Amino acid sequence: MKEICDICPRHCKVNRNEKVGFCNEFNKIRISKIIDHFKWEEPCLTNEKGVCAIFFSGCNLKCDYCQNYEISCGQVGKEYTAEEFAELLKEKEKDNSYFDFITPTHFSKQILSAFKIYQPKIPVIWNSSAYEEVEMLKQLNEFIDIYLLDLKYADNLVGRKYSNCNDYFNKAREVLSFASKKMDVFEKDYLKQGLIIRHLVLPSEIENSLKVIDYIAENLPNRIVSVMSQFTPTPKSSIKRKLTPLEYKIVQNRAVKKITKGYFQDFESAKETFIPKFLEEI
Ligand code: SF4
């Protein structure tokens, strides 16, 4: 791949054969970690077999509070060509119920090339920050079954503060609007196609969370929403404390009033070893 990179809204326009852009990754897919039978996603994705969680290295957002900053910033992991990645999918689908592509955006073109070689037989979850280009997602859409998308901020200024971009909300709105065309399809209790919108509540940014809930209620009614409490400060994070029970309760109360379907993460999930538990449905 020789062309300059404009995969995501950063539009770095670098030749990733020679140098990295904001995402800190070259052209080859790099995976830092693969976990089979991963059972810590939302209940409608967590059956007996669990998901094959594929953690891509690098990130096009790099939030200052990132819990996975060794992965998002560190160029760690094994490289794969599109052919090798297609082989990996073939191998891993035997033992898992879903593929969970975690932070895949900056490898969108490379993943598309792999899908053209081999289309998985189990559902593919696109688990991203929603800071991406709809035009790229349109090309991937036929291979993606479930969008598991963050809506981090409903205010570009908050995105600027934590994720070093001026247009997070503009881009995420477009992406969510596109992804919402994928209607939810369940088999028994498990989602096989559709959209889940995730929101991590940040300490001291409750107004942002309330705007996120209001935005979803007005623009994406009846979609599954997952409200998360797991924020834990890292050494690099500008937010130095955990969420308080009162802050979380305020956001939960708004969600109960306005959101029809979804999950609250157990407040106790805010631990250094991230093991989310989803307690009650909204
Ligand atoms: S994918 Fe990476 S190099 Fe390409 S535009 Fe986005 S941040 Fe820049």
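Data block above holds the structure.
The structure displayed is predicted, hence computed values, not measured ones.

(A) Region of the structure containing the overall build of the protein. Counting secondary structure elements, the protein contains eight helices and eleven strands. Relative to the 2.2 N^0.38 estimate, which gives 19 Å for 282 residues, the radius of gyration of the protein is 18 Å and therefore close to what a compact globule would have. Seen through its principal axes, the protein has C-alpha atoms that stretch 50 × 40 × 35 Å. Within the span of the protein, comprising 282 residues, buried residues form 56% of the whole. A separation threshold of at least 6 residues defines the contact pool for the protein, and within that pool the share at least 24 residues apart is 68%.

(B) Looking closely at the nonpolar core. The biggest cluster of nonpolar side chains holds 73 residues, and the ones touching the most others in it are Ile-54, Phe-85, Phe-101, Ile-111 and Leu-151. Here this core takes seven residues from helix α6 (residues 168-179), the largest share from any one element. Those residues within four positions of Phe-85 in sequence are excluded, and the remaining contacts are Ile-29, Ile-31, Ile-54, Phe-56, Tyr-80, Phe-101, Ile-111 and Ala-114. Within the second largest apolar cluster, 16 residues are counted, among which are Phe-38, Phe-55, Ile-146 and Leu-148.

(C) Layout of the packing of aromatic side chains. This structure, assessed with the given rule, holds 16 aromatic pairs. Ring plane angle 75° and centroid distance 5.1 Å describe the contact between Tyr-153 and Tyr-168, whose orientation is recorded as edge-to-face. Taken as a pair, Tyr-153 in the loop between β6 (146-150) and α5 (156-163) and Tyr-168 in helix α6 lie far apart in primary sequence, 15 residues in all. As far as burial versus exposure is concerned, Tyr-153 and Tyr-168 are alike and both buried. By way of ring pairs, the aromatic residues Phe-56, Phe-85, Phe-99, Phe-101, Phe-107, Phe-115, Trp-126 and Phe-143 are connected into one cluster. Of note, Arg-10 hangs over the ring of Phe-22, and the distance from its end group to the ring centre comes to 3.7 Å. Just above the ring of Phe-22 sits the side chain of Lys-62; from NZ or CZ to the centre is 4.4 Å.

(D) Fine view of the environment of Phe-178. With respect to the helices and strands, Phe-178 occurs in helix α6. By relative accessible area, Phe-178 is classed as buried at 11%. Separated by 43 residues in the primary sequence, Phe-178 and Glu-135 have C-alpha atoms spaced 9.8 Å apart. With residues near it in sequence (within four places) discarded, Phe-178 still touches Val-134, Leu-137, Lys-138, Asn-141 and Tyr-147.

(E) Structural view of the packing of helix α7 (residues 206-219) against helix α8 (residues 245-258). Where α7 contacts α8, the two axes come as close as 10 Å, and the packing angle between them is 10°. For the element pair α7 / α8, the angle class is roughly parallel. Here Ile-206, Ser-209, Leu-210, Ile-213, Asp-214, Ala-217 and Glu-218 of α7 come into contact with α8, specifically with Glu-247, Ile-250, Val-251, Arg-254, Ala-255 and Lys-258. A class-by-class count of the residues in the contact of α7 with α8 yields seven nonpolar, one polar and five charged.

(F) Focus on the pairing of strand β1 (residues 29-38). Pairing geometry for β1 and strand β3 (residues 78-80), over three bridges, is antiparallel. If you follow Ile-29 over to β3, its bridge partner there is Tyr-80.

(G) Here's a closer look at the site of the ligand. The full set of residues close to the ligand is Cys-5, Ile-7, Cys-8, Arg-10, His-11, Cys-12, Arg-16, Gly-21, Phe-22, Cys-23 and His-106. Among the cavities detected, the one that contains the ligand is the largest cavity. Each residue belonging to the shell around the ligand can be placed in one class, and the counts come to six nonpolar, three polar and two charged.

(H) Representation of the pattern of salt bridges. As enumerated under the stated definition, the model contains 18 salt bridges in all. The salt bridge involving Arg-198 is made with Glu-41; its shortest N-O contact spans 2.4 Å. One end of the pair, Arg-198, is in strand β8 (residues 190-200); the other, Glu-41, is in the loop between β1 and β2 (51-56), and 157 residues separate them in sequence. For Glu-41, a relative accessible area of 7% gives the class buried.

(I) Representation of the side chain of Asn-127 in the model. Structurally, the position occupied by Asn-127 is in strand β5 (residues 124-128). A residue is classified by how much of its surface remains accessible, and Asn-127, at 8% relative accessible area, is buried. At 3.4 Å, the side chain of Asn-127 forms a polar contact with the side chain of Glu-41. Of the polar contacts made by the side chain of Asn-127, one reaches the side chain of Asp-100; its length is 3.2 Å. Beyond its immediate sequence surroundings of up to four residues, Asn-127 is in contact with Glu-41, Asp-100, Phe-101, Ile-102, Thr-103, Pro-104, Leu-148 and Arg-198.

(J) Helix α3 (residues 108-117), seen in detail. Considered for burial, the residues of α3 that qualify are Ser-108, Gln-110, Ile-111, Leu-112, Ala-114 and Phe-115. At its buried positions, α3 is contacted by β1, β2, α2 (82-92), β4 (98-102), β5 and α4 (134-140).

Basis of the calculations
- Residues numbered from 1 in each chain as written.
- Predicted model: local features only at pLDDT ≥ 70, side-chain atom pairs only at ≥ 80, totals over all residues.
- Heavy atoms only, no water.
- Helix = DSSP H or I, 4+ residues; strand = E, 2+ residues; numbered from the N terminus.
- Rg over C-alpha atoms; globule rule 2.2 N^0.38 Å.
- Buried < 20%, exposed > 50% of the residue type's maximum accessible area, 1.4 Å probe, protein only.
- Contact = heavy atoms within 4.5 Å.
- Core = buried A, V, L, I, M, F, W, Y, C linked by side-chain atoms within 4.5 Å.
- Phe/Tyr/Trp six-rings, centres within 6.5 Å; stacked < 30°, edge-to-face > 60°.
- Lys NZ or Arg CZ within 6 Å of the ring centre and 35° of its normal.
- Axes fitted to C-alpha atoms, helices over the stretch in contact; angles between N-to-C directions.
- Parallel < 35°, antiparallel > 145°, perpendicular 65-115°, else oblique.
- Nonpolar A, V, L, I, M, F, W, Y, C, P; charged D, E, K, R; others polar.
- Pairing = 2+ DSSP bridges.
- Near = heavy atom within 4 Å.
- 1 Å grid on protein atoms, 1.4 Å probe; cavity = no way out; pocket = protein on both sides within 12 Å on 5 of 7 lines; lining within 4 Å.
- Sits in = over half its atoms within 2 Å of the grid points.
- Salt bridge = Lys/Arg side-chain N within 4 Å of Asp/Glu carboxyl O.
- Polar contact = N/O pair within 3.5 Å; in protein donor to acceptor, adjacent residues only side chain to side chain.

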